[in-house]
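Structure at a glance
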Amino acid sequence: MAKSKNAQTSQAAAKRKLSEKQLHDMLYTMMLIRRFEEKALDLYSLGKVHGTMHLSIGQEATAVGASGALTQQDYLLNTHRGHGHCLAWGSQADLMMAEFMGKETGYCRGRGGSMHIANVDANNLGANGIVAGGLPISVGVGLSIRARNTEQVVMVVFGDGASNEGAFHESINMASIWNLPVIFLCENNQYAMSMPVEKSINIDRISDRAAAYGIEGVTVDGNDPEAVYAAVSSARQRAVAGKGPTLIECNTYRYMGHSKSDRQAYRTRDEVKAWMDKDPIERLVANLGMSKEDKDALFKKAEAEIAKAVEFAEASPEPDVADIMEGVYA
Ligand SMILES: Cc1ncc(C[n+]2csc(CCOP(=O)(O)OP(=O)(O)O)c2C)c(N)n1
């Protein structure tokens with residue numbers, strides 16, 4: 001039994017494009033994202049996080065695979081379900097937690113909250129509560145990169161629902177005709193609120209829409225960080241070589257409801273379980289041939305980092321009402 005498991009593990013190792021160290025780092029970030037969101041949910045239930053919140057538990061592989069393929073000079077535009085992408089981009093858990101709790105020490109001085117985290121110093125240009133809102137912005141960023149003639153790219157993340165918005169089609173069309181270095185990353189988590197993707201889109205692959213705009217389109221397993229990494233790396237290479245934008249569809253699933261108020265009457269427990277059986281963290285643990293003890297120890301490390309983040313956020317000051325409008329843009 002053990003022998004055949006080892007044989008499988010070394011076969012998987014031979015096929016790997018990433019080093020063992022890169023995969024371990026990705027695994028840790030995925031665990032950090034999961035524990036961050038679980039803790040944020042607890043804090044929400046305790047009334048310490050305000051507004052609403054959209055969790056990406058189950059989608060962690062897309063975030064780490066995509067960010068892992070980009071450089072510190074590239075740009076990120078994010079969605080309302082963007083905590084994972086923020087952390088994978090290198091954002092600090094403590095400053096994010098402070099932002100969630102509306103504290104002055106947060107990335108946006110507590111004015112942004114869960115849905116609007118930006119860290120412009122790190123080229124994270126911000127999440128957006130408007131569905132498809134980041135897409136037209138990415139065209140502007142792409143145009144700026146072209147004008148400055150640098151080897152940067154911009155990645156814009158959006159959902160399957162956003163791909164039915166006019167802004168998606170207009171943005172891809174413009175990026176295509178101007179040959180801009182934009183990576184359009186569609187996170188297809190199978191639902192837009194309660195609307196299943198099969199009922200809102202009459203083709204099997206959202207990436208097939210790329211052909212209508214004369215750009216490359218590819219669909220990958222969004223629960224496999226290596227597959228996402230490979231697709232985003234190729235898209236980046238094409239973009240910096242002046243070959244224009246790419247549409248990448250990552251098939252994945254959210255385990256939690258759309259937001260806090262979702263009773264999830266539109267899906268069955270069996271369906272959720274079937275996706276949980278393809279859990280990205282468990283899959284990578286198995287792929288790395290990691291023992292249960294090592295997995296638990298890594299989760300514990302993530303939990304300790306999150307506990308420190310909460311401590312920092314709890315101890316941070318509230319914003320002063322006198323300057324509450326500072327740093328707010330509309
Ligand atoms: C322009 C606009 N229309 C509607 C909404 C309300 N809304 C918020 S999230 C959402 C669903 C988005 O689905 P999708 O793009 O698939 O992303 P997901 O939530 O699945 O990550 C909708 C309709 C909004 N915020 N903005």
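Residues numbered from 1 in each chain as written. Predicted model: local features only at pLDDT ≥ 70, side-chain atom pairs only at ≥ 80, totals over all residues. Heavy atoms only, no water.

Regarding the overall build of the protein chain
Counting its regular elements, the protein chain contains twelve helices and seven strands. Along the first, second and third principal axes, the C-alpha set of the protein chain runs to 55 × 50 × 40 Å. Contacts in the protein chain between residues at least 24 apart in sequence constitute 74% of all its contacts with a sequence separation of at least 6. Counting every atom, the protein chain has about 15400 Å² of accessible surface; 53% of that belongs to carbon and sulfur. (Helix = DSSP H or I, 4+ residues; strand = E, 2+ residues; numbered from the N terminus. Contact = heavy atoms within 4.5 Å. Areas by Shrake-Rupley, 256 points an atom, 1.4 Å probe, with all protein chains shown as cover.)

Notes on the site of the ligand
Lining the immediate surroundings of the ligand are 14 residues, of which His80, Arg81, Gly161, Ala162 and Tyr191 lie closest. Contacts to the ligand include Gly129, whose backbone N or O atom sits 3.0 Å from a nitrogen atom. Out of a free accessible area of 580 Å², the ligand has 72% covered by protein chains. Across the shell around the ligand, the residue classes break down as six nonpolar, six polar and two charged. (Near = heavy atom within 4 Å. Polar contact = N/O pair within 3.5 Å; in protein donor to acceptor, adjacent residues only side chain to side chain. Nonpolar A, V, L, I, M, F, W, Y, C, P; charged D, E, K, R; others polar.)

A word on the packing of helix H6 (residues 134-148) against helix H7 (residues 166-177)
Between H6 and H7, the least distance of the axes is 8 Å, while the angle of their chain directions is 15°. Classed by the angle they form, the pair H6 and H7 counts as roughly parallel. Both H6 and H7 take part in a crossing whose hand is left-handed. Between H6, through Leu135, Pro136 and Val139, and H7, the contact on the second element is made entirely by Ala167, Phe168, Ser171 and Met174. (Axes fitted to C-alpha atoms, helices over the stretch in contact; angles between N-to-C directions. Parallel < 35°, antiparallel > 145°, perpendicular 65-115°, else oblique. Left-handed = near helix turned anticlockwise from the far one by under 90°.)

Digging into the side chain of Gln152
Position of Gln152 relative to the elements: it lies in the loop between H6 and strand E2 (154-159). Looking at Gln152, its side chain comes within polar contact range of the side chain of Arg148, at 3.0 Å. Polar side-chain contacts of Gln152 include one of 2.5 Å to the side chain of Thr150. If we ignore the near neighbours within four places in the chain, the residues touching Gln152 are Gln73, Asp74, Tyr75, Asn123, Ile145, Pro181, Arg236 and Val240.

Let's talk about the nonpolar core
Membership of the largest hydrophobic core comes to 71 residues, with the highest contact counts inside it found for Leu27, Val232 and Ile248. In terms of residues, this core owes the most to one element, helix H2 (residues 20-45), which gives 13 residues. Setting aside anything within four residues of it in sequence, one finds Leu27 in contact with Ile281, Leu284, Val285, Leu288, Met290 and Leu298. Core analysis: the second largest hydrophobic core is formed by 24 residues, Val139, Val141, Phe168 and Ala175 among them. (Core = buried A, V, L, I, M, F, W, Y, C linked by side-chain atoms within 4.5 Å. Buried < 20%, exposed > 50% of the residue type's maximum accessible area, 1.4 Å probe, protein only.)

Looking at the confidence of the model for the protein chain
Predicted coordinates in regions of low pLDDT should not be interpreted in detail. Across the protein chain, pLDDT averages 94, with 95% of residues at or above 70. Predicted confidence for residues 1-8 stays below pLDDT 50, and this span has one contact to residues more than four positions away or in other chains. (pLDDT = per-residue confidence, 0-100.)

Description of helix H9 (residues 225-240)
If you check H9, its first and last C-alpha atoms are 22 Å apart, about what 16 residues at 1.5 Å a residue would give, namely 22 Å. By the burial criterion, the buried members of H9 are Pro225, Glu226, Val228, Tyr229, Ala231, Val232, Ser233, Ala235, Arg236, Arg238 and Ala239. Tucked inside the fold, the buried residues of H9 contact H2, helix H3 (60-68), strand E3 (182-188), strand E6 (216-221), strand E7 (246-251) and helix H11 (280-287). If you check the start of H9, you find a side-chain oxygen 3.0 Å away from the backbone N of Glu226, and it comes from Asp224. Just beyond H9, the residue with positive phi is Gly242, at close to 80°. (Expected span 1.5 Å × (residues − 1).)

Examining the pairing of E6
The sheet contact formed by E6 and E7 spans six bridges and is parallel. Of the residues in E7, the one forming a bridge with Val218 is Ile248. For the crossover that starts at E6, traverses H9 and ends in the parallel E7, the hand is right-handed. (Pairing = 2+ DSSP bridges. Right-handed = clockwise from strand over helix to strand, strands pointing away.)

So, unusual backbone geometry
If you check the backbone angles, Asn123 has positive phi at about 65° while not being a glycine. When you line up the elements, Asn123 lands in the loop between helix H5 (93-100) and H6. A relative accessible area of 15% places Asn123 in the buried class. Phi is positive for Gln190, which is not a glycine, with a value near 80°. The topology assignment puts Gln190 in the loop between E3 and strand E4 (191-192).

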